[in-house]
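# An overview of the molecular structure
Next come the chains, spelled out residue by residue.
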Amino acid sequence: MKVILLQDVKGQGKKGQLIEASDGYARNYLLPRKLAAPATADAINTLNLKEKARRAEEARLRAEAQDTADKLKDCVVKLKAKAGQGGRLFGAVTSKEISEGLAKQHGVEIAKQKLVLDEPIKAFGSYQIKAKLGYEITATVYVVVSEE
């Protein structure tokens, strides 16, 4: 019996997959527990439409991430920080401050979680920070930290 899985089923498949299950397994286990629905022509069409919509959404998000990466190529974020002794900072420059600086100075919105800082910025100077935008697209954000 062909069924469409409504949830992930261990050993059978993932949600939204069309599988061939034995009649007894489908009737006595999958269908009563609402883990699957019978694969009627209408259900298969609905499944195909959902898959098409998911692919279109993924393509849109990928293009959006690529546009953001292209915008970041020319952006230099200039941040000011209070100086301590010997060119060191009071505290550190965080990914949140970099994200806010990008939004204010260049109008590019990037979540602070997507900015990858190997270690906090605790000195003045120029830095290159990686931004993981998703869909295996990364960009580099140039940050200049100067004295206030």
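Before reading on, note that the structure itself is shown above.
Note that the structure is a prediction, hence the values are computed from the model and not measured.

## What to know about the sheet that holds strand β2 (residues 18-20)
Pairing is antiparallel across the open sheet formed by three strands, whose spatial order is β2-β1-β3. Of all the strands in the sheet, the pair left with one neighbour each is β2 and β3 (36-38). Each strand of the sheet is rotated relative to its neighbour by a mean of 40°, with strand direction disregarded. As defined by bridge partners, strand β1 (residues 2-5) adjoins β2 across three bridges and the pair is classed as antiparallel. Bridging from a neighbouring strand, Val3 pairs with Ile19 of β2.

## Side note on the pattern of salt bridges
Two side chains of opposite charge can pair, provided their charged atoms sit close to one another. A complete count under the given rule lists six salt bridges for this structure. Its salt-bridge partner being Arg60, residue Glu57 comes within 2.7 Å of it at the nearest N-O pair. Pair noted here: Glu57 and Arg60 are both in helix α2 (residues 41-72), with a separation of three residues, about one helical turn. Overall, the relative accessible area of 36% leaves Glu57 in the partly exposed class.

Calculation notes
Numbering of residues begins from 1 in every chain and follows the order in which that chain's sequence is written. Selection of residues for local features in this predicted model requires a pLDDT of at least 70, selection of side-chain atom pairs for listing and counting requires 80 or more, and totals for whole chains, interfaces and linings are taken over all residues. Excluding hydrogens and water, the side-chain figures rest on all heavy atoms present in the structure. Two strands qualify as a pair provided that DSSP identifies no fewer than 2 bridges between them. In this text, helices come from DSSP runs of H or I with a minimum length of four residues, and strands from runs of E with a minimum of two, each type numbered from the N-terminal end. All axes are obtained by fitting lines to C-alpha atoms, using only the stretch in contact for helices, and the reported angles, taken between N-to-C directions, cover 0 to 180 degrees. The rule for a salt bridge is simple: a side-chain nitrogen of Lys or Arg has to be within 4 Å of a carboxyl oxygen of Asp or Glu. Think of it in three bands: with a 1.4 Å probe and only protein chains considered, a residue is buried below 20% of the maximum accessible area for its type, exposed above 50%, and partly exposed in between.

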